[in-house]
Amino acid sequence: MEAEVDKKVDRKKERHYDFIVIDNGSGYVKAGFSGEDAPRVVLPSLVYKTPPSEPGRPTITRLSNELDLNDPPEDLEFPIQRGTIQDTEASWESMRYIWEHIITEDLQTDPSNANVLVTDSIFNTRDNKLKIAQIFFDRIGVRSLGIMPAEVLSLFSTGRTLGIVVDSGDGITSVVPVFEGFALTHALKKLDLAGSDLTKFIQTRLETEISPSQLEFARKIKENMLVVPNNMNQALEGPDLIKENQTLYELPGGRIISVDKETRLKAAEALFDPKILGSEEPSISDLVKESLLKCDDDLREDMASSIVLSGGTSMIPGLQERLELELKAKMRDYSGEIAVHSDSFRKHAAWIGGSMLSSFSTYCDYMVIEKSTWETEGIVKPSLIHKYTF
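Residues numbered from 1 in each chain as written. Predicted model: local features only at pLDDT ≥ 70, side-chain atom pairs only at ≥ 80, totals over all residues. Heavy atoms only, no water.

**With respect to empty space enclosed by the protein**
Spelled out, the test is: In this analysis a 1.4 Å probe is tested at points of a 1 Å grid over the protein atoms alone, and where it fits but cannot get out there is a cavity; an open set with protein on both sides within 12 Å along at least five of seven lines is a pocket; lining residues have an atom within 4 Å of a point. Grid points are joined across faces, edges and corners, and a volume is the space filled by probe spheres set on the points. To qualify as a helix, a DSSP run of H or I must reach at least 4 residues; to qualify as a strand, a run of E must reach at least 2; elements of each kind are numbered from the N terminus. For this classification, Asp, Glu, Lys and Arg are treated as charged, while Ala, Val, Leu, Ile, Met, Phe, Trp, Tyr, Cys and Pro are nonpolar and the rest, including Gly, are polar.
This model, assessed by the stated rule, comprises 1 cavity of 30 Å³ or more. Considered as a void within the structure, the largest cavity measures approximately 50 Å³ in volume. Asn24, Ile80, Gly83, Thr84, Ile85, Thr119, Asp120, Ser121 and Asn124 are the residues that line the largest cavity. Sorting the residues of the lining of the largest cavity by element identifies β7 (84–85) and β8 (115–120) as the ones contributing at least two each. Split by residue class, the lining of the largest cavity holds 2 nonpolar, 6 polar and 1 charged.

**Overview of unusual backbone geometry**
Backbone geometry follows two general trends: most residues other than glycine have a negative phi, and most peptide bonds adopt the trans configuration. Stated formally: Using a 1.4 Å probe on the protein chains alone, a residue whose accessible area is under 20% of its type maximum counts as buried, one over 50% counts as exposed, and one in between counts as partly exposed.
Despite not being glycine, arginine 82 has its phi angle at roughly 50°, a positive value. Take arginine 82: it is sitting in the loop between β6 (80–81) and β7. Residue classification places arginine 82 among the partly exposed positions, given a relative accessible area of 31%. If you check the backbone angles, glutamine 108 has positive phi at about 50° while not being a glycine. As for its position among the elements, glutamine 108 is in the loop between α2 (89–106) and β8. By relative accessible area, which is 62% here, glutamine 108 ends up exposed.

**A look at the pattern of salt bridges**
Keep this limit in mind: One side-chain nitrogen of Lys or Arg within 4 Å of one carboxyl oxygen of Asp or Glu is enough to make a salt bridge.
Counted under the stated rule, the structure contains 23 salt bridges. Residues aspartate 286 and lysine 330 are paired through a salt bridge, measuring 2.8 Å at the closest nitrogen-oxygen approach. Residue aspartate 286 is found in helix α9 (residues 284–294), and its partner lysine 330 is found in helix α11 (residues 319–330); the two are separated by 44 residues along the sequence. Judged by its relative accessible area of 27%, aspartate 286 falls in the partly exposed class. In this structure, lysine 330 engages glutamate 326 in a salt bridge whose closest nitrogen and oxygen atoms are separated by 3.5 Å. Pair noted here: lysine 330 and glutamate 326 are both in helix α11, with a separation of 4 residues, about one helical turn. Salt bridges here are not isolated pairs; linked through shared partners, they connect Glu269, Asp286, Arg322, Glu326 and Lys330.

**As for the packing of aromatic side chains**
As a reminder, the rule being used: Any two of the Phe, Tyr and Trp rings considered here, Trp counted by its six-membered ring, make a pair once their centres fall within 6.5 Å; the pair's planes then place it as stacked at under 30 degrees, edge-to-face at over 60, or tilted in between. Remark: a charge is flagged as sitting over a ring if the NZ atom of Lys or the CZ atom of Arg is within 6 Å of the ring centre and within 35 degrees of the ring normal.
By the definition in use, this model includes 5 aromatic pairs. Just above the ring of phenylalanine 272 sits the side chain of arginine 322; from NZ or CZ to the centre is 4.5 Å. Stacked on the ring of tryptophan 374, the Lys or Arg lysine 381 has its end atom at 5.0 Å from the ring centre.

**Some points on the environment of glutamate 337**
Relative to the assigned elements, glutamate 337 resides in the loop between α11 and β17 (340–341). Using a relative accessible area of 51% as the deciding quantity, one classes glutamate 337 as exposed. Taking the C-alpha atoms as reference, glutamate 337 lies 45 Å from glutamate 77; in sequence the two are 260 residues apart.

**Quick word on the nonpolar core**
Soluble globular proteins tend to pack their nonpolar side chains together in the buried interior. The condition that has to hold: Only buried Ala, Val, Leu, Ile, Met, Phe, Trp, Tyr and Cys residues count toward a nonpolar core, and they belong to the same one when joined by side-chain atoms within 4.5 Å. Two residues form a contact once any of their heavy atoms are found within 4.5 Å.
Counting residues in each nonpolar core, the largest one holds 47 residues, and the members touching the most others are Val166, Ile221, Val288, Leu292, Met303, Ile307 and Leu323. Every element with two or more residues in this core is listed here: β10 (163–168), α5 (195–205), α6 (215–225), α8 (261–269), α9, α10 (297–304), β16 (307–310) and α11. When sequence neighbours within four positions are dropped, the list of residues in contact with valine 288 reads Val166, Val175, Ile307, Leu323 and Leu327.

**Some remarks on α5**
Of all the 11 residues making up α5, 8 are buried; the element is thus mostly covered by neighbouring parts of the structure. Within the sequence span of α5, burial applies to Gly195, Ser196, Asp197, Leu198, Thr199, Phe201, Ile202 and Gln203. Buried-residue contacts for α5 involve α6 and α8.

**Overview of the side chain of glutamate 216**
To be explicit about the condition: Counted as a polar contact is a pair of N or O atoms within 3.5 Å, where, for protein atoms, one must be capable of donating a hydrogen and the other of accepting one, and residues adjacent in sequence contribute only when both atoms are in side chains.
Mapping glutamate 216 onto the fold places it in helix α6. Of note is the side chain of glutamate 216, whose polar atom sits 2.4 Å from the side chain of arginine 219. When residues no more than four places from it in sequence are discounted, the contact partners of glutamate 216 are Leu69 and Asn70.

Quick look at the structure:
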């Protein structure tokens, strides 16, 4: 009997292998190996396809690291919009190219030996997940695949399995309550307003200096000059929240422009007042409040004290303090603790959570589809997606 037990343990040890973790975002794709502290690869989620020079010649596809994004070519393709891979042949082919290039070129791994954990938005459909699996198994040829919600992994990166994730990236801001590692789908909230909208707002305000094709400059301004004030009116009338030399931006050619205070404040304020961007969407604090109120009474206290920020747009200084301040003001009748947490690594929280989870010896036993299972004759592939994805 002891020998049989030892064999079972050995087999499980044999199945515990390193994973390639790929986090798919509207703005960036991040990739690296399980157990590591940070992604090795961070690429803008775009491709550029050059039409064939002659009939019969293949289309040449280039990734962002082969392009000058300060002076980008026209007709760039952005396959991920608002957190979701667009359901077009061109978008899926672009993502296949990105994923395969990351595995084979950037991470120097033979696909047949690659075990992949890929993130997906909690709002994506099961059909979308099935398409992801088909590409990884049937086109790229990986050894095994796991698909996990990015928001759940973001919470996991902080060591929690219970809390509310407020994830604001490039294309979407989502509010996802999580209990014991599972998203509470009845309380999910989504805001189609995030970093790319702030970037476009800045470019429009500075259109005499920055053209629509130069969004990269506006993005850098967004990442380095914005501050969320506790009170917008007071901030507009009072002293600047950043030093004067921090308001200057150098354009190519050495020309320096000054980014006015109103532009910087309004861009950040749009998360709390979407009307600034002409949107009728609710504010980020309204979404969190609505999500909290949809949680069961016996969970609300733990949820309210464990609100976790993640995503690149959550890096804007002052966001944590303002969100906590507004939630306390909007939930005056609530007697429990309201606390918003923001770890320094939150920009890559989903990737880090995936790196941590896939390094556990039990991960590949319960949450991964093996290629041999995928290729089993007569297997109903949608049922595999239902069983192994969250």
